[in-house]
Amino acid sequence: MSIFEVDKKTCRGDGKCVEICPVGILRMNEKERVPEFIPGGEELCINCGHCFAFCPPGSIRLAGMGSADALRLDHSQLPGAVQLELLLKGRRSIRTYKDDPVSRETIEKLLDMARYAPSGTNRQPVNWAVLSGRERVREIGGLVVAWMEGLLNSASPMAVSLRFDRLVEAWKNNEDRICRGAPCLAIAYGLKDDFLAAQSCLLAGTYLELAAFGMGLGACWAGYVNMAINESPAAKKFAGLSPRAAAGAVMMLGYPKYRYSRIPSRKPVKVLWR
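Calculation rules
Residues numbered from 1 in each chain as written. Predicted model: local features only at pLDDT ≥ 70, side-chain atom pairs only at ≥ 80, totals over all residues. Heavy atoms only, no water. Helix = DSSP H or I, 4+ residues; strand = E, 2+ residues; numbered from the N terminus. Buried < 20%, exposed > 50% of the residue type's maximum accessible area, 1.4 Å probe, protein only. Contact = heavy atoms within 4.5 Å. Salt bridge = Lys/Arg side-chain N within 4 Å of Asp/Glu carboxyl O. Core = buried A, V, L, I, M, F, W, Y, C linked by side-chain atoms within 4.5 Å. Pairing = 2+ DSSP bridges. Axes fitted to C-alpha atoms, helices over the stretch in contact; angles between N-to-C directions. Phe/Tyr/Trp six-rings, centres within 6.5 Å; stacked < 30°, edge-to-face > 60°.

Student: In this structure, what is going on with the environment of R134? I would like to understand it.
Tutor: When you line up the elements, R134 lands in helix 6 (residues 134-153). Residue classification places R134 among the partly exposed positions, given a relative accessible area of 28%. Taking the C-alpha atoms as reference points, R134 and P183, separated by 49 residues in sequence, lie 4.4 Å from one another. Leaving out residues up to four positions away in the same chain, R134 has contacts with Y97, K98, D99, G181, A182 and P183.

As structure tokens, then:
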């Protein structure tokens with residue numbers, strides 16, 4: 001199959017796909033009134049699926065994308081402005097969890113939603129590693145604490161500034177302020193030399209966090225784990241990442257022990273209008 005094919009019988013010839021193509025590689029064949037690549041377009045196509053998504057009759061086929069595999073988007077089922085505002089304002093970082101484990105099926109569903117996060121030039125560079133079970137999560141927490149102790153012993157300005165001493169002391173008193181007793185950690189990572197991977201991991205992590213909320217889970221960004229994986233060979237190896245990889249987002253996941261009832265206020269928005 002060619003990377004781009006058009007069903008000439010169903011194509012409406014409205015040129016919509018040409019107009020919305022983000023890299024400008026489509027044009028209308030004036031004779032047949034169907035879209036086609038400009039010269040060299042096949043090499044420039046990023047296979048983002050815009051032309052496929054915006055074609056109401058489904059006349060376009062892309063490599064790996066056929067109408068039989070596509071989920072038909074029912075706009076009436078999408079949340080409105082009120083629901084989205086409540087979701088975005090009502091989201092809270094959850095640091096206290098029930099003992100219930102998070103099933104593999106649930107994690108797979110979350111990751112399936114997170115893979116739809118945007119990425120530059122549709123590179124989709126995000127990979128995932130999942131640490132499942134409180135004991136395994138606690139093990140990496142111990143490696144994070146060991147990394148922190150090493151920095152404190154070397155008088156690292158970062159360790160002093162972030163008060164790693166308090167986190168280490170809490171750990172020694174059997175209080176986990178690293179992973180908060182979460183039953184699961186999801187790690188988004190990419191290759192170190194991919195300059196778009198870090199941002200893509202952050203976007204995927206954000207999608208994961210919001211998706212978790214919708215599935216009744218609590219989530220919290222595990223920043224200390226993220227730093228340790230990228231700086232401590234022991235933590236990176238335990239997480240299953242190769243030396244060539246870099247973590248871009250780490251998320252604690254679990255069922256919330258408590259349900260919150262209010263939305264705290266935030267600082268006023270600071271805007272520079274030009």
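Still more to cover.
Student: What exactly am I supposed to notice about the pattern of salt bridges here?
Tutor: Pairing is possible between side chains that carry opposite charge, provided their charged atoms lie close to one another. Under the criterion given, the structure shown has 12 salt bridges. Here D194 makes a salt bridge to R123, at a shortest N to O gap of 3.3 Å. On the criterion of sequence distance, the pair formed by D194 in the loop between strand 6 (184-191) and helix 9 (197-214) and R123 in the loop between helix 5 (104-114) and strand 5 (127-132) is long-range, its members being 71 residues apart. By relative accessible area, which is 13% here, D194 ends up buried. What makes R123 partly exposed here is its relative accessible area of 39%. A salt bridge links R163 to D165, with the shortest nitrogen-to-oxygen separation between them at 3.0 Å. Classification of R163 by relative accessible area gives partly exposed; the value is 43%.

Student: Hey, could you run me through unusual backbone geometry in this one?
Tutor: Residues other than glycine predominantly adopt negative phi, and peptide bonds predominantly adopt the trans conformation. Backbone geometry at R33 places phi at a positive 55°, although glycine is not the residue there. By the secondary structure assignment, R33 is in the loop between strand 2 (26-29) and strand 3 (34-37). Judged by relative accessible area, R33 falls into the partly exposed class, the value being 37%.

Student: What's the story with the nonpolar core in this structure? I'm lost.
Tutor: Most often, soluble globular proteins have nonpolar side chains that are buried together. Counting residues in hydrophobic clusters, the biggest one holds 35 residues, and the most contacted among them are I140, I178, L185, V225 and I229. Breaking this core down by element, the ones donating at least two residues are strand 5, helix 6, helix 8 (164-172), strand 6, helix 10 (223-231), helix 11 (233-239) and strand 8 (245-254). When residues of this core are assigned to their parent elements, the largest contribution, seven residues, is made by helix 6. When sequence neighbours within four positions are dropped, the list of residues in contact with I229 reads I140, I187, A235, K236, A239, L241, A247 and V250. Judged by nonpolar contacts, the second largest core, of 14 residues, contains C184, A186, L217 and A219.

Student: Before we go on, may I ask you to explain the sheet that holds strand 5 in this structure?
Tutor: The strands making up a sheet are joined through hydrogen bonds of the backbone, oriented either antiparallel or parallel. With antiparallel pairing, the four strands of this open sheet are ordered in space as 5-6-8-7. Only two strands of the sheet have a single partner each, and these edge strands are strand 5 and strand 7 (218-221). For this sheet, the mean angle separating the axes of adjacent strands, direction not counted, is 25°. Direction of pairing for strand 5 relative to strand 6: antiparallel, over a ladder of six bridges. Bridge pairing in strand 6 places W128 opposite A188. Running at roughly 110° to strand 5, helix 6 makes contact with strand 5 and strand 6 of the sheet.

Student: Mind showing me how you'd approach the packing of aromatic side chains here?
Tutor: Between two aromatic rings, the relevant description is the distance of the centres plus the angle of the planes. Using the criterion set out here, one finds three aromatic pairs in the structure. Centre to centre, the rings of F4 and F37 are 5.2 Å apart; their planes meet at 45°, and the pair counts as tilted. Taken together, the residues F4 in strand 1 (residues 4-6) and F37 in strand 3 connect sequence positions 33 residues apart. Accessibility expressed as a relative area gives 9% for F4, which makes it buried. Relative to Y224, the ring of F164 has its centre 6.0 Å away and its plane inclined at 85°; by these criteria the two rings are edge-to-face. On the criterion of sequence distance, the pair formed by F164 in helix 8 and Y224 in helix 10 is long-range, its members being 60 residues apart.

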